[in-house]
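Given next are the chains, with one letter for each unit.
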Amino acid sequence: QHKDAYQAILDGVKGGTKEKRLAAQFIPKFFKHFPELADSAINAQLDLCEDEDVSIRRQAIKELPQFATGDNLPRVADILTQLLQSDDSAEFNLVNNALLSIFKMDAKGTLGGLFSQILQGEDIVRERAIKFLSTKLKTLPEEVMTKEVEEFILTESKKVLEDVTGEEFVLFMKILSGLKSLQTVSGRQQLVELVAEQADLEQTFNPSDPDCVDRLLQCTRQAVPLFSKNVHSTKFVTYFCEHVLPNLGSLTTPVEGLDIQLEVLKLLAEMSSFCGDMEKLESNLKKLFDKLLEYMPLPPEEAENGENAGNEEPKLQFSYVECLLYSFHQLGRKLPDFLTAKLNAEKLKDFKIRLQYFARGLQVYIRQLRLALQGKTGEALKTEENKIKVVALKITNNINVLIKDLFHIPPSYKSTVTLSWKPVQKADASQKRASEDTTSSSPPKKASTGPKRDARQIYNPPSGKYSSNLGSFSYEQRGGFRGGRGRGWGGRGNRSRGRIY
C-alpha cells in the first residue's frame, strides 16, 4: 500500500547528498515490506555503495547485510566480495564486518558469493577474497563452520586450485589445513594428494626451468608438515630420488641467494622418515648412495715421504652430508642388506675408507667446536658466531652418530638423530602423534612449524689438515611461487570485467 512512497525513497538515490543519506538508511529499513521491489532496492543501494561521497558509501555498505535474505544472500555476498577492492581502510573494514555478519546467517550462501568472485572476478578482488578466507575462517565459531560448510569449502577450493599462482596455493593450503574435518588421517591424506597434484609429479622434471624447480619446492614445503607415520611421503621421496637427485648440480632457482641444492636435500631428509613401501627401493637407494659418495671424498694420496701428494685437502660439505646420510640411513632401514649384499666387496671397501676419512675430519671439528663453546651459556650463546657454532656442532654430532651405525658389522640402522635445523623433540612426541593419527574423531593439536628459517652465514672452521666448509645455512622462509597462475604457473590473464553485480 505504501509502494509509491518506497519508490520515492528509491528515486532518492538520484537526488542530492541529503536525499542520498536518507535513502541509504530507509531503503534497507523497509526493504522486507516490498519483495516485488527487491531488485530495484538492491540496485539503488548499490548505486549508493559507489557514490563519490565517502560517508554515503560507508553508510550504504554498513546496511548491506539487511538485504541478505533468502535468495538475495549469495548476491549480497558477491557484491560485498567485489567491494573488498576498496582502498579506504574504514570502508574496507565495513565490508569485512558485513561479510562476517552474513556468514553467520548462511555460511554456504556467503561462500558461494566469495568463490564466484575468486573464480571469475578481477585479480584484485580475487586476491582480497582469498586473503579474507585465509584470515577470517579460523575466527568463525563451530556452529557456523559445520562439516557441510567445510566440505563445500574443500569442493570449491579444488576448482580454484586448478589454476593458481604459488602464493595463492600457499594461502589455500593454510585455509584447508585449518579445517577441522581435515585434521584426521584421511583428511591429511587428501591434502597430500592435493599437493601432489599441484606439484605435477607425473610431469618430466626440468632442472633448468626455475619455475618448475620452484613449484616443486613450494609444493613439497606444503606437504612436509602433513606427513606422519600414517600419512606417507613415498610419492614425493620417489620423485626426488628418481628425478631431482640425478640433476642436483644443474638446479636453477628464481630465489636469490638460496642454496638450492641444500634446500632440496633438507626437504628429502625431512620426508625420508615417513616414507612407506617403495616400489623401486633398491634402485632409489643406489641413486641416494651414489649422490652421497660425491660428497664423501677419498683421503688424498700420501706421497712416499708421508707428505700429501696433492696440494689441497678435499672440502668436507657437512650440511650436505648430514642430509644425504640421514636420508640413506632412513631408507636403508627398509633394505638393511643393501651395503653388504647389493654392493660388491670393492665398493663396500671404498665406502668404508670414505666414511673413515670423513669421521677423522669430523672428530677434529667436534673437538674444536666444543672447545670454542666450552663454558658459554645464556647470552654468550646468542651471538651470531656462537649460534652458527651450535648448529655446526649439531650437524657434526649427527653425522658422527650415523657413521658409527654404518661401521657396524653388519651395518646398523638403529640410531635416531634430530636433524640440525629441526627443534629437538621429546622422546614420546612421535608416539603421541601416532596415537593422534589413529583417532579421527578428535582433531590433533596443530603441529608447531618450528623456528623460522633464518638466513645464516657459512661457518668456516679454522683451516688445518681437515679444512672444510660447513655448508650454507640459507633457510628460505616458506613463501609463494614465482610466476603467474596456470599449469605452467603462467598468467591467468587480466579479467577486466567491470561491475558484474
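Look a little higher up for the structure.
Here's a quick rundown of the structure. Being a predicted model, the structure only gives us computed values, none of them experimental.

### With respect to the pattern of salt bridges
Moving on, step 1. Within the structure shown, the criterion is met by 18 salt bridges.
Moving on, step 2. Asp88 is paired through a salt bridge with Arg58; the nearest N and O atoms lie 3.0 Å apart. Of this pair, Asp88 sits in the loop between α5 (73-83) and α6 (89-105) while Arg58 is found in helix α4 (residues 54-63), placing the two residues 30 residues apart along the sequence.
Moving on, step 3. For Arg58, a relative accessible area of 31% puts it in the partly exposed group.
Moving on, step 4. With a shortest N-O distance of 2.9 Å, Glu168 and Arg126 are connected by a salt bridge. A residue pair is termed long-range when its members are at least 10 positions apart, and Glu168 in helix α10 (residues 166-177) and Arg126 in helix α8 (residues 123-136) qualify at 42 residues.

### Focus on the packing of helix α12 (residues 210-223) against helix α13 (residues 234-244)
Working note: a packed helix pair is described by the angle between its axes plus the distance between those axes.
Moving on, step 1. For the pair α12 and α13, interaxial distance at closest approach is 12 Å and the crossing angle is 155°. In terms of their interaxial angle, α12 and α13 are classed as roughly antiparallel. You can see that α12 and α13 cross each other, and the crossing is left-handed. Contacts between α12 and α13 involve Leu216, Thr220 and Ala223 from the former and Phe236, Tyr239, Phe240 and Val244 from the latter.

### Some details on the nonpolar core
Moving on, step 1. Judged by nonpolar contacts, the single largest core of 140 residues is most densely connected at Ile27, Leu80, Phe236, Phe328 and Leu339.
Moving on, step 2. In terms of residues, this core owes the most to one element, helix α16 (residues 318-332), which gives nine residues.
Moving on, step 3. In contact with Leu339, other than residues within four places in its own chain, are Phe289, Phe328, Leu348, Phe351, Leu406, Pro411 and Tyr413.
Moving on, step 4. Among the nonpolar cores identified, the runner-up in size contains five residues, and Ile366, Leu369, Ala392 and Leu393 belong to it.

### Some details on the side chain of Gln198
Moving on, step 1. Mapped onto the fold, Gln198 is located in helix α11 (residues 185-199).
Moving on, step 2. At 3.0 Å, the side chain of Gln198 forms a polar contact with the backbone oxygen of Leu161.

### Notes on the environment of Thr81
Moving on, step 1. The topology assignment puts Thr81 in helix α5.
Moving on, step 2. Owing to a relative accessible area of 0%, Thr81 belongs among the buried residues under this scheme.
Moving on, step 3. Among all residues touching Thr81, those that are not within four sequence positions of it are Leu99, Gly113, Leu114, Gln117, Val125 and Ala129.

### What to know about the packing of aromatic side chains
Moving on, step 1. Evaluated as defined, the whole model comprises twelve aromatic pairs.
Moving on, step 2. On the basis of an interplanar angle of 70° and a centroid distance of 5.8 Å, the ring pair of Phe289 and Phe338 is categorised as edge-to-face. Here Phe338 lies in helix α17 (residues 338-342) and Phe289 lies in helix α15 (residues 281-294), a separation of 49 residues in the sequence. In terms of burial, Phe289 and Phe338 fall into one category: buried.
Moving on, step 3. Ring pairs connect the aromatic residues Phe289, Phe328, Phe338 and Phe351, which therefore count as one cluster.
Moving on, step 4. The aromatic ring of Trp421 is capped on one face by Lys266, whose charged end is 5.2 Å from the ring centroid.

### A look at the environment of Asn397
Moving on, step 1. Within the secondary structure, Asn397 sits in helix α19 (residues 384-407).
Moving on, step 2. What makes Asn397 partly exposed here is its relative accessible area of 24%.
Moving on, step 3. For the pair formed by Asn397 and Gln363, sequence separation is 34 residues and the distance between their alpha carbons is 9.1 Å.
Moving on, step 4. The contacts of Asn397, once residues within four sequence positions are left out, are Ile366 and Arg370.

### Overview of the packing of helix α9 (residues 147-160) against α10
Moving on, step 1. Taken N-terminus to C-terminus, the directions of α9 and α10 make an angle of 165°; their axes are 11 Å apart at the nearest point. Between α9 and α10, the interaxial angle falls into the category roughly antiparallel. Here α9 and α10 pass one another in a crossing that is left-handed. Taken together, the residues of α10 that come into contact with α9 (itself represented by Ile153, Leu154, Ser157 and Val160) are Phe172, Ile175 and Leu176.

Definitions and cut-offs
- Residues numbered from 1 in each chain as written.
- Predicted model: local features only at pLDDT ≥ 70, side-chain atom pairs only at ≥ 80, totals over all residues.
- Heavy atoms only, no water.
- Salt bridge = Lys/Arg side-chain N within 4 Å of Asp/Glu carboxyl O.
- Helix = DSSP H or I, 4+ residues; strand = E, 2+ residues; numbered from the N terminus.
- Buried < 20%, exposed > 50% of the residue type's maximum accessible area, 1.4 Å probe, protein only.
- Axes fitted to C-alpha atoms, helices over the stretch in contact; angles between N-to-C directions.
- Parallel < 35°, antiparallel > 145°, perpendicular 65-115°, else oblique.
- Left-handed = near helix turned anticlockwise from the far one by under 90°.
- Contact = heavy atoms within 4.5 Å.
- Core = buried A, V, L, I, M, F, W, Y, C linked by side-chain atoms within 4.5 Å.
- Polar contact = N/O pair within 3.5 Å; in protein donor to acceptor, adjacent residues only side chain to side chain.
- Phe/Tyr/Trp six-rings, centres within 6.5 Å; stacked < 30°, edge-to-face > 60°.
- Lys NZ or Arg CZ within 6 Å of the ring centre and 35° of its normal.

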